[in-house]
Each structure stands twice: as C-alpha cells, then as structure tokens.
Amino acid sequence: MTIDLAVIGGSGLYNFPGLENASRHSVDTPFGAASGDVVIGDFAGRRVAFLARHGESHTVPPHRVNYRANLWALHSLGARRVIGVNAVGGIRSDMGPRVIVVPDQIIDYTHGRYTSFCDVEGAEVRHIDFSEPYTETLRRQLIEAASSAGVAAIDGGCYGATQGPRLETRAEIARMKRDGCDLVGMTGMPEAVLARELELDYACLALVANFAAGCGDEAEISIEEIFAHLAAATAEVPRILGALLKT
Ligand code: HPA
C-alpha cells in the first residue's frame, strides 16, 4: 500500500478531519498493540494514514504510549514519512499559547520508556546517528507548507521531552531553559528516535498550549485553558498538512 503521509495526532487531535474513503487497520506488532487503529484515507488527493497517539478517546497517558508499536504499525502499512503533532508548553518568550513551532533539536528527560527496537532479547544492537533528530527535508517542507497555507510557524527550537503526565515545576522548567530547551512536551521522545531506527522521515509539528511553568504571568497553569488554546492551534493543522501533501 502506498501512503503519502502518516500523521500521529497528539492531545486535541484524535481524528483527521476531512479524511475520505477511510478504512481502519488494526495492526499486530511484535511490540504489542498500537494506541488504536490506523485510519487510512484520502486527503487533498493523497493517501494519508492517521493514528491517535493517546487513543481516540485519550485514554493512553504519555508515559504509557506504546511508541514502538505505533511506529511499527505505520511502517508496516507502508508509511515512509511521518509528522508527529505534539501539544507543548512554551519556554521561549515568543512561543506563547497557540504558536506553532517546527523544532529542530531535542533533549530527552524521559525515563523508563522503550527507546529502541533492539531492546529485545537476542536482537542485534544498532547504534544510530541522531545529531539531527528530525528529517531536515521534511522539516523544510512543513515550514513551506505552513507559509503557503498562510499559517505562521516558527522554524526551529529545542524540544525538551519530559515524563509526564504531570506538568513540570518552575524549577524544572528553569533548568530546562538553562539547558537550552525552547519547548516542553511529554511525547516527542522516544517517537523521534524510533522513527529514525526504522529509517522513516520524521518531523514534529508542535502546538503551544500554554506557557510552561514560571514562563507566563499566571501562578498556575489552567488545564481548561490548555485545551482551549490547543483546539485553536489544532484547527490550523489540516490546512498545513493539506499544503504539505501538495509538495
Ligand atoms: N509541559 C509538558 N507538556 C505539555 C505542556 C507543558 O507545560 N503543555 C502541553 N504539553
């Protein structure tokens, strides 16, 4: 099966609006079950595969997502390029709520997740280059797609991946800022590295839902506001991906 683009939807994106002639695929993987069925359909005249990272009813928390099964399922259905859509908190002052960012670097603070397909008894150990964690050509295509769709998107930024599901303390965010993180999210890793192990082209479309702890004016982060901002930013996603599919 030819798939032009696979999309992994994060919080706020549980289906792909406008997907026509859709069929559902439940894939058995050597790593267990994916977050749900992969939905394959037509969008902008191309074949698109969609998978809801947290399940279609948002029942899988970030630290329990079976990232290996998700990537394996998409790959086995024929996907070769993948966009991960991720809700994030903004650390940098120009990355406030509803801003869209296409990051170019990652720092991984997660723990206890399976980070490699070779993390299996008897598997051959493979070391891979991860200097540039995202596929630059796909990143460029995403930036150009956003621009041609008339949607503002910031080119570059460092995604700090945290364990969740709780949000971070102010001290944790202050440390991440000193480390060079511009954004914080709970699902960027190990997704990106697993995509690289499968030699998939992979880029991240990060939707800022809130200022990270201590970066905005509020003493506390409102979860209701996070979802309201996320809904607004998510509404732009089909237009960006539609433009991407035309390239
Ligand atoms: N921290 C981590 N993940 C997030 C945040 C945050 O502030 N907002 C949305 N996802």
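Summarised in this report is the structure supplied together with it. (Residues numbered from 1 in each chain as written. Predicted model: local features only at pLDDT ≥ 70, side-chain atom pairs only at ≥ 80, totals over all residues. Heavy atoms only, no water.)

## Remarks on the packing of aromatic side chains
Keep this limit in mind: Only centres within 6.5 Å qualify two rings of Phe, Tyr or Trp (six-membered ring in Trp) as a pair; their planes then separate them into stacked at under 30 degrees, edge-to-face at over 60, and tilted for everything else. Each helix is a run of H or I in the DSSP string that is no shorter than four residues. Each strand is a run of E no shorter than two, and both are numbered from the N terminus. For every residue, the accessible area (1.4 Å probe, protein chains only) is compared with the maximum for its type, and the residue is labelled buried under 20%, exposed over 50%, or partly exposed between those bounds. In this scheme, Lys NZ or Arg CZ marks a charge over a ring once it lies within 6 Å of the ring centre and within 35 degrees of the ring normal.
Enumeration according to the criterion identifies 6 aromatic pairs in this entry. For the pair Phe31 and Trp72, a centre-to-centre distance of 5.3 Å together with 65° between the ring planes defines the contact as edge-to-face. Of this pair, Phe31 sits in the loop between strand 3 (28-29) and strand 4 (32-33) while Trp72 sits in helix 1 (residues 67-76), placing them 41 residues apart in sequence. Take Trp72: its relative accessible area is 29%, and that puts it in the partly exposed class. Among the aromatic side chains, those forming a connected cluster through ring pairs are Phe16, Phe43 and Phe50. The ring centre of Tyr114 lies 4.2 Å from the NZ or CZ of Arg68, which sits over that ring.

## Describing the site of the ligand
Keep this limit in mind: Any residue with at least one heavy atom within 4 Å of a molecule or strand is counted as near it. N or O atoms within 3.5 Å of each other form a polar contact, as long as, within protein, one can give a hydrogen and the other can take it, and as long as residues adjacent in sequence are counted only when both atoms are side-chain atoms. Each accessible area is a Shrake-Rupley result for a 1.4 Å probe, and residues are judged covered by the shown protein chains and nothing else.
Around the ligand, the neighbouring residues are Ala87, Val88, Gly89, Leu167, Glu168, Val184, Gly185, Met186 and Asn210. The backbone of Gly89 places a nitrogen or oxygen atom 3.4 Å from a nitrogen atom of the ligand. Side-chain polar atom of Asn210 to a nitrogen atom of the ligand: 2.6 Å apart, as the coordinates give it. Out of a free accessible area of 260 Å², the ligand has 94% covered by protein chains.

## Considerations on the nonpolar core
Which entries qualify depends on this criterion: Throughout this description, the term nonpolar core refers to a set of buried Ala, Val, Leu, Ile, Met, Phe, Trp, Tyr and Cys residues connected via side-chain atoms within 4.5 Å. A contact between two residues is defined here by any heavy atoms of the two lying within 4.5 Å.
Residues Val38, Ala49, Leu71, Leu74, Tyr134 and Leu183 are the most contacted members of the largest nonpolar core, which totals 40 residues. Residue assignment for this core shows that the elements contributing at least two residues are strand 1 (5-9), strand 5 (38-43), strand 6 (46-52), helix 1, strand 7 (81-90), strand 11 (158-161), helix 4 (191-197) and strand 13 (201-211). Per element, the largest residue contribution to this core is 5 residues, and it comes from helix 1. In contact with Tyr134, not counting residues within four places along its chain, are Pro103, Asp104, Gln105, Ile106, Arg139, Tyr159, Ala192, Arg196, Tyr202, Ala203 and Cys204. Ranked by size, the runner-up nonpolar core spans 34 residues in total, among them Leu5, Ala52, Ala233 and Val237.

## As for the pattern of salt bridges
Working definition: two side chains of opposite charge can pair if their charged atoms are close together. The following threshold applies: Only one rule defines a salt bridge in this text: a Lys or Arg side-chain nitrogen within 4 Å of an Asp or Glu carboxyl oxygen.
On inspection of all chains with the given rule, the structure shows 13 salt bridges. The shortest N-O distance in the salt bridge between Arg92 and Asp94 comes to 2.9 Å. Judged by its relative accessible area of 31%, Arg92 is partly exposed. Residue Arg139 pairs with Glu136 through a salt bridge whose shortest N-O separation is 2.9 Å.

## Focus on helix 6 (residues 237-245)
Extensive coverage of helix 6 is indicated by the burial of 8 of its 9 residues. If you check which residues of helix 6 are buried, you get Val237, Pro238, Ile240, Leu241, Gly242, Ala243, Leu244 and Leu245.

## Description of a negative patch on the surface
For clarity, the cut-off: Each patch is assembled from residues with relative accessible area greater than 30% and no salt bridge, linking like charges that lie within 9 Å and nonpolar side chains (Val, Leu, Ile, Met, Phe, Trp, Tyr) that lie within 5 Å. Counting rule applied: Lys, Arg positive; Asp, Glu negative; His and chain ends not counted. Where a charge sits is defined by one atom per residue type, namely NZ (Lys), CZ (Arg), CG (Asp) or CD (Glu).
Negative charge collects at one region of the surface, where Asp217, Glu218, Glu224 and Glu225 lie side by side. Note on placement: Glu225 falls in helix 5 (residues 223-234).

## What about the packing of helix 2 (residues 136-148) against helix 6?
Rules: Interaxial angle, 0 to 180 degrees, is taken between N-to-C directions of lines fitted to C-alpha atoms, where a helix line uses only the stretch in contact. Each angle is binned into one of four classes, with values under 35 degrees roughly parallel, values over 145 roughly antiparallel, values of 65 to 115 roughly perpendicular, and all other values oblique. Working rule for handedness: look at the near helix, and if it is turned counterclockwise from the far one by less than a right angle, call the crossing left-handed; if clockwise, right-handed. When residues are sorted by character, Ala, Val, Leu, Ile, Met, Phe, Trp, Tyr, Cys and Pro go into the nonpolar class, Asp, Glu, Lys and Arg into the charged class, and all the rest, Gly among them, into the polar class.
Running from N to C, helix 2 and helix 6 cross one another at 115°; their axes reach a closest spacing of 8 Å. Between helix 2 and helix 6, the interaxial angle falls into the category roughly perpendicular. Between helix 2 and helix 6 lies a crossing whose hand is right-handed. Counted together, Gln141, Leu142, Ala145, Ala146 and Ser148 of helix 2 and Ile240, Leu241, Ala243 and Leu244 of helix 6 form the full contact between these two elements. Looking at side-chain class alone, the contact of helix 2 with helix 6 contains 7 nonpolar, 2 polar and no charged residues.

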